[in-house]
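What follows is the residue order along each chain.
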Amino acid sequence: HDKLIQMEREIREICVFATDRLMDHVWERLSPARKQALSSAASQPSGTGAPPTQILQQSGAKIVSFEQFGDWYNIGGFELVPWLELIDLAKWDYAGKQAAAAVATLQKQEQQKAQQLSAQQTHTTSNTNPRGAGGNGVPYEQPELNRAWTRPEGYAA
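Computed from a predicted structure; not experimentally measured.

Thresholds, definitions, all that
Every residue gets a number counted from 1 within its own chain, in the order that chain's sequence is written. The predicted nature of this model means local features are confined to residues of pLDDT at least 70 and side-chain atom pairs, given and counted, to a pLDDT of 80 or more, with totals for whole chains, interfaces and linings taken over all residues. Water and hydrogen atoms play no part in the side-chain values, which are based on all heavy atoms of the structure. Strands are runs of DSSP state E lasting at least two residues, helices are runs of H or I lasting at least four, and both sets are numbered from the N terminus onward. Only protein chains enter the accessibility calculation, which uses a 1.4 Å probe; a residue whose area is less than 20% of its type maximum is buried, one above 50% is exposed, and one in between is partly exposed. We call two residues in contact when some of their heavy atoms are within 4.5 Å. Buried Ala, Val, Leu, Ile, Met, Phe, Trp, Tyr and Cys residues form a nonpolar core when they are joined through side-chain atoms within 4.5 Å. The pairing test for Phe, Tyr and Trp rings, Trp by its six-membered ring, is centres within 6.5 Å, and the orientation test on the planes gives stacked under 30 degrees, edge-to-face over 60, and tilted for anything in between. Charge-over-ring placement is defined geometrically: NZ (Lys) or CZ (Arg) within 6 Å of the ring centre, and within 35 degrees of the ring normal. The axes are straight lines fitted to the C-alpha atoms, using for helices just the contacting stretch, and the angles between their N-to-C directions are given from 0 to 180°. In these notes the angle categories are as follows: under 35 degrees is roughly parallel, over 145 is roughly antiparallel, 65 to 115 is roughly perpendicular, and the rest is oblique. Helix crossings fall into two classes, left-handed where the near helix is turned counterclockwise from the far one by less than a right angle and right-handed where it is turned clockwise. When residues are grouped by polarity, Ala, Val, Leu, Ile, Met, Phe, Trp, Tyr, Cys and Pro land in nonpolar, Asp, Glu, Lys and Arg in charged, and all others, Gly among them, in polar. Expected helix span is given by 1.5 Å per residue-to-residue step, counting one fewer step than there are residues. By convention in these notes, a salt bridge is any Lys or Arg side-chain nitrogen within 4 Å of a carboxyl oxygen on Asp or Glu.

Draft legend 1. Summary view of the overall build of the chain. Across its full length, the chain carries six helices and zero strands. Traced from its N-terminal end to its C-terminal end, the chain shows the element sequence α-α-α-α-α-α. Within the chain, the fraction of its 157 residues that count as buried is 17%. Long-range pairs, those at least 24 residues apart, make up 38% of the contacts in the chain between residues at least 6 apart in sequence.

In structure tokens form, the structure reads like this:
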């Protein structure tokens, strides 16, 4: 139980440290006018030395965009929080991963074959009628032939 508590404390400390570094990164890239506005909103006079994390949190601003986080992560944040890579399950190597990929490939191939077969059957059945549009076995798509192959008036079938 003590090891679990210690591990939770260490993870929390790492998260707080990483968050502080992220906020420093965001703060460094803000314009002076934006820094002033955020400091005012946080009731912190500009230049008081208050940590960026504190100013950004107190200002109530929505502070970190996906792009800002990605920039921070790619220029070094990945060294602080490498475990974030575990969120992407595609990077996991787990038992049965290859078998699951093979099954997915087979299912996709079977689906494609079924679609092709269905398309062929639809094409075949929609193009012709055993008795044709005029009852003569000529495909529907050829009306000029339907006219040419119709039975003469008075001809008994």
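Draft legend 2. Spotlight on the nonpolar core. Among the nonpolar cores identified, the biggest contains seven residues, and these are Met 23, Trp 27, Leu 30, Leu 38, Ala 42, Ile 55 and Leu 56. Elements with a minimum of two residues in this core: helix 1 (2–28) and helix 3 (52–59). Within the second largest apolar cluster, six residues are counted, among which are Ala 18, Leu 22, Tyr 73 and Val 81.

Draft legend 3. Fine view of the packing of aromatic side chains. Taken as a whole, this structure holds three aromatic pairs when the rule is applied. Note on Phe 69 and Trp 72: the rings are 5.6 Å apart at their centroids and 50 degrees apart in plane angle, and the pair reads as tilted. Taken together, the positions of Phe 69 and Trp 72, both in helix 4 (residues 66–80) and three residues apart, correspond to about one turn of that helix. Judged by centre distance (6.0 Å) and plane angle (25 degrees), the ring pair of Phe 69 and Tyr 73 falls under stacked. In this pair, Phe 69 and Tyr 73 are both assigned in helix 4, four residues apart and thus about one turn of the helix distant. Here the aromatic cluster, defined as three or more aromatic residues joined through ring pairs, consists of Phe 69, Trp 72, Tyr 73 and Phe 78. Across from the ring centre of Phe 17, 4.6 Å away, lies the NZ or CZ of Arg 21, which sits over that ring.

Draft legend 4. Representation of the packing of helix 1 against helix 4 within the structure. Look at helix 1 against helix 4: their axes get within 10 Å of each other, and the N-to-C directions meet at 135 degrees. It follows from the interaxial angle that helix 1 and helix 4 lie oblique. The hand of the helix 1/helix 4 crossing is right-handed. Along its contact with helix 1, which presents Ile 14, Phe 17, Ala 18, Arg 21, Leu 22, His 25 and Val 26, the element helix 4 presents Gln 68, Phe 69, Asp 71, Trp 72, Ile 75 and Leu 80. For the contact of helix 1 with helix 4, the per-class residue count stands at nine nonpolar, two polar and two charged.

Draft legend 5. How the structure looks around helix 1. In this model helix 1 runs 39 Å from its N-terminal to its C-terminal C-alpha over 27 residues, within 8% of the 39 Å that 1.5 Å per residue would give. All of the buried residues in helix 1 are Ala 18, Leu 22, Met 23, His 25, Val 26 and Trp 27.

Draft legend 6. Local environment of the pattern of salt bridges. Following the criterion strictly, the structure yields three salt bridges and no others. Here Asp 24 makes a salt bridge to Arg 21, at a shortest N to O gap of 3.0 Å. You can see Asp 24 and its partner Arg 21 sitting in helix 1, three residues apart, about one turn around the helix. For Asp 24, a relative accessible area of 21% translates into the label partly exposed. Between Arg 29 and Glu 28 there is a salt bridge, with its nearest N and O atoms 3.5 Å apart. The exposure class assigned to Glu 28 is exposed, which follows from its relative accessible area of 56%. Through salt bridges that share partners, Glu 28, Arg 29 and Asp 71 make up one connected network.

So far we have only geometry, and geometry alone does not tell us how the molecule works.
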